[in-house]
Amino acid sequence: MWLLAAFGAFAAVLATQLLFTLVSSVVVVVFSLAVNQSFSSDELISTYIGPITLVSQMGCLAVFLPWWRHLRASSLIALRHPAGRPTAVSIAARLVAIALMGVGLQLILSYVLTFLLPLAPDLQTEYTEIIDDPVLSDLTVLSLLVTAIGAPVTEELACRGVIFECVLRAVCPACAARWRDAKWCRETGETPRPVPAVPPARFWIANALQALLFGVLHLNIVQGTYAFLLGMLFGWVVWRTGSLAWSMILHLAINFCSFFVVELSGALEFAGVPVAVVLAVLIAVAGLVLFSLASARSRARREGSAGRR
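Residues numbered from 1 in each chain as written. Predicted model: local features only at pLDDT ≥ 70, side-chain atom pairs only at ≥ 80, totals over all residues. Heavy atoms only, no water.

J.: It is not clear to me how the nonpolar core should be interpreted in this structure. Could you clarify?
T.: Soluble globular proteins: nonpolar side chains tend toward being buried together. The biggest cluster of nonpolar side chains holds 54 residues, and the ones touching the most others in it are F64, I163, L250 and F291. Elements that contribute at least two residues to this core include exactly α1 (2–34), α2 (41–72), α3 (76–79), α4 (88–116), α7 (141–171), α10 (200–216), α11 (221–241) and α12 (244–257). Of all hydrophobic cores here, the second largest spans 5 residues; its members include Y111, L268, A276 and A280. (Core = buried A, V, L, I, M, F, W, Y, C linked by side-chain atoms within 4.5 Å. Buried < 20%, exposed > 50% of the residue type's maximum accessible area, 1.4 Å probe, protein only. Helix = DSSP H or I, 4+ residues; strand = E, 2+ residues; numbered from the N terminus.)

Below you can see the structure in the form of structure tokens.
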């Protein structure tokens, strides 16, 4: 049932995007006709693709924010969130780590695509047409709203929130007491049954499946491939922290750095491209290690405080 729900959520993302894209496109066409403006299909797309995409993202937000809020009350992901607030030092360390990962991963992605895409000209042509879209390549208020805010928020709610939670429930039937008894316990005041820990292997199965669906949502091979790998990382961040907020911030950092790839790569290529590639990898690894350590220390500190109480 929960696996079907995960695929249903995946279909809901596509359906919502399609519906709101069609509706907003029709509104644009009707408005253009009303003011006696004529557009070719190419001009319509190039002129209004940004606002249409933003409307589509708002539609997804309207669907998946309440869906995730409903699931979160009894979610396996929320169980990973320690009680209490993280310290200022922990938050600062995570933010620095995310900045490092954002810069490093975006540079690694840029170099990998630069080296590999020429080996597949058809894929290179398709991908070039996508990234040449002004919404993705030009730094404007609209592109920031769509690429650096709208995409991270809606995609994390849908993929690392609803889809990931449903897949976790599907692969961990022993944890069913967490959501099956929740309503009954609220009504009777009974204490919920303890939930067994999710085995690491099952977490990675669920993480891989949600990342795969995240990749497929991009509807092209190149973006789908690196979206799968990034989706695995985002899932790990959510599981590590028990919160979608940190995966949203990491997603935002990676997308935001895409506007400055030329400047960032130029800053690292003082001794040539090979050195820049090595530095990009070191930056990403340093961010990953720092984030892992900061999360582990924060969890251990709060669990120790809870134990003393």
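J.: Looking at this structure, I do not really get a negative patch on the surface. What am I missing?
T.: Side chains of D122, E126, E129 and D132 sit close together on the surface and give a patch of like negative charge. For E126, the location among the structural elements is in helix α5 (residues 121–131). (Patch = residues over 30% accessible without salt bridge, like charges linked within 9 Å, V, L, I, M, F, W, Y side chains within 5 Å. Areas by Shrake-Rupley, 256 points an atom, 1.4 Å probe, with all protein chains shown as cover. Salt bridge = Lys/Arg side-chain N within 4 Å of Asp/Glu carboxyl O. Lys, Arg positive; Asp, Glu negative; His and termini not counted. Charge placed at Lys NZ, Arg CZ, Asp CG, Glu CD.)

J.: Before we go on, may I ask you to explain helix α13 (residues 261–268) in this structure?
T.: Because the α-helix completes a turn every 3.6 residues, residues three or four places apart line up on one side. Listing the buried residues of α13 in full gives V261, S265 and L268. Buried residues along α13 cover an arc of 60° about the axis, so they all sit on one side. Turned more than 90 degrees off the buried face of α13, the exposed positions are V262, E263 and A267. (Arc of directions from axis to C-beta.)

J.: Explain the side chain of S75 to me, please; I cannot follow it from the model alone.
T.: With respect to the element layout, S75 can be found in the loop between α2 and α3. When its relative accessible area of 0% is taken as the criterion, S75 is described as buried. Here A78 takes part through its backbone nitrogen, which lies 2.9 Å from a polar atom of the side chain of S75. (Polar contact = N/O pair within 3.5 Å; in protein donor to acceptor, adjacent residues only side chain to side chain.)

J.: Is there a simple way to think about the pattern of salt bridges in this case?
T.: A side chain of one charge can pair with a side chain of the opposite charge if their charged atoms are brought near each other. Under the criterion given, the structure shown has 2 salt bridges. The closest approach of N and O atoms between R160 and E156, which form a salt bridge, is 2.7 Å. Taken together, the positions of R160 and E156, both in helix α7 and 4 residues apart, correspond to about one turn of that helix. Each member of the pair R160 and E156 is classed as buried. Of the charged contacts in the structure, one is a salt bridge between R169 and E165, with a shortest N-O distance of 2.7 Å. Note that R169 and E165 are positioned in helix α7 at a spacing of 4 residues, about one turn of the helix.

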